[in-house]
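Observations on the model geometry
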Amino acid sequence: SLDKYLDKIISTQLGSLRQKEPEISYEEIRRITFDKGGYALLGCRSILDHTMDENEEILVYDLGAIVQLTNDIFDVYEDSQNSVKTMVDGIPDLSGFRAEYQQLIISFLQKLERQIYKKSNLKKFYYQFMLIASRGLVCLDHLDKSQKKYGGVFDPVKMPREQLICDMEKPSNFIKSLKYCLEYRKYLT
């Protein structure tokens, strides 16, 4: 039931206020980010009639974390303007973050495949999920180019808005997103 997650959702949201504090560590930002997305989605999922087993609970939490990270990738300009620290900013090089984001996607897909769901449902869900995650990958491509343009250092505070905003309405970005969907299909057999 929602009661199981409500306290965690509230405490995580209150804890996320720490993201405005300059001395916050990357590990604390990571924990807040994952918990914010993970517990929020668990709260949403908990309102459905059938109960979750432990494996599904882990899967839903991981999905929420990935969705939150994807949101942070797209909001890097706004968050930097508002002095909100996320996993995307405050790091001089995006490559480590990108590797972690990709590994989270792959790990999620591998856990998803171990669930006892009909193959046709898994396939449908895969494409719905990847339409979200692939957009994050396209946005990271854009941010990588911005980092290269600024001497290999990623510092959103010093970058103009156009270097930090990824326009997913551009047909080329939509096509890149679809290519990522196809590329990651190999992790779900």
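Structural notes, computed from the coordinates.

1. Some words on the pattern of salt bridges
Under the criterion given, the structure shown has 13 salt bridges. Of the charged contacts, one joins Arg31 and Glu28 as a salt bridge, the two residues approaching to 3.8 Å between their closest N and O atoms. Within this pair, Arg31 and its partner Glu28 are both found in helix α2 (residues 26–45), separated by three residues, close to a single helical turn. Classification of Arg31 by relative accessible area gives partly exposed; the value is 45%. Taking the shortest distance from any N to any O, the salt bridge between Lys119 and Glu113 comes out at 4.0 Å.

2. Details of helix α8 (residues 171–183)
Taking 1.5 Å of rise per residue, the 13 residues of α8 would be expected to cover 18 Å, and the 18 Å separating its terminal C-alpha atoms lies within 8% of that figure. All of the buried residues along α8 are Asn173, Ser177, Tyr180 and Cys181. Around the axis of α8, the buried residues are gathered within 105° of arc, so they sit on the same side. The exposed set on the far side of α8, more than 90 degrees from its buried face, consists of Pro171 and Lys179. Where the residues of α8 are buried, they touch α5 (95–113) and α6 (119–149).

3. Quick look at the environment of Ile165
Within the secondary structure layout, Ile165 lies in the loop between α7 (161–164) and α8. C-alpha separation for the pair Ile165 and Ile73, spaced 92 residues apart in sequence, amounts to 9.4 Å. With residues up to four places along the chain from it excluded, the contact list for Ile165 reads Tyr77 and His142.

4. A look at the nonpolar core
By size, the foremost hydrophobic cluster in this structure holds 49 residues, and its most contacted members are Tyr101 and Leu143. Contributions of two or more residues to this core are made by α1 (3–15), α2, α3 (54–74), α5, α6 and α8. With 10 residues, the single largest contributor to this core is α6. Excluding its chain neighbours within four sequence positions, the residues that come into contact with Tyr101 are Ile66, Leu69, Thr70, Ile73, Ala133, Gly136, Leu137 and Leu140.

5. A closer look at the environment of Ile91
Secondary-structure assignment places Ile91 in the loop between α4 (76–81) and α5. The buried category is assigned to Ile91, whose relative accessible area is 13%. Distance from Ile91 to Pro156, taken between C-alpha atoms, is 9.7 Å for residues 65 residues apart in sequence. Not counting the four nearest positions on each side in its chain, Ile91 is found in contact with Tyr26, Phe97 and Phe154.

6. Let's talk about the side chain of Gln163
Mapped onto the elements of the fold, Gln163 is located in helix α7. With residues up to four places along the chain from it excluded, the contact list for Gln163 reads His142, Leu143, Ser146, Lys149 and Tyr150.

7. Topic: the packing of α2 against α5
Close contact between α2 and α5 brings their axes to 15 Å; oriented N to C, the two are set at 30°. Taken as axis vectors, α2 and α5 run roughly parallel relative to one another. In the packing of α2 onto α5, the handedness of the crossing is right-handed. Here α2 contributes Tyr26, Arg30 and Phe34 to the contact with α5, which in turn contributes Phe97, Glu100 and Leu104.

8. A word on α5
The end-to-end C-alpha separation of α5 is 27 Å, in line with the 27 Å expected for 19 residues at 1.5 Å each. At its buried positions, α5 is contacted by α2, α3, α6 and α8.

9. Some thoughts on the environment of Met130
Residue position: Met130 is located in helix α6. Exposure remark for Met130: the relative accessible area of 0% places this residue in the buried category. For Met130, the residues in contact, after removing those within four places along its chain, are Ile105, Leu109, Arg135, Tyr180, Cys181 and Tyr184.

Cut-offs applied
- Residues numbered from 1 in each chain as written.
- Predicted model: local features only at pLDDT ≥ 70, side-chain atom pairs only at ≥ 80, totals over all residues.
- Heavy atoms only, no water.
- Salt bridge = Lys/Arg side-chain N within 4 Å of Asp/Glu carboxyl O.
- Helix = DSSP H or I, 4+ residues; strand = E, 2+ residues; numbered from the N terminus.
- Buried < 20%, exposed > 50% of the residue type's maximum accessible area, 1.4 Å probe, protein only.
- Expected span 1.5 Å × (residues − 1).
- Arc of directions from axis to C-beta.
- Contact = heavy atoms within 4.5 Å.
- Core = buried A, V, L, I, M, F, W, Y, C linked by side-chain atoms within 4.5 Å.
- Axes fitted to C-alpha atoms, helices over the stretch in contact; angles between N-to-C directions.
- Parallel < 35°, antiparallel > 145°, perpendicular 65-115°, else oblique.
- Left-handed = near helix turned anticlockwise from the far one by under 90°.

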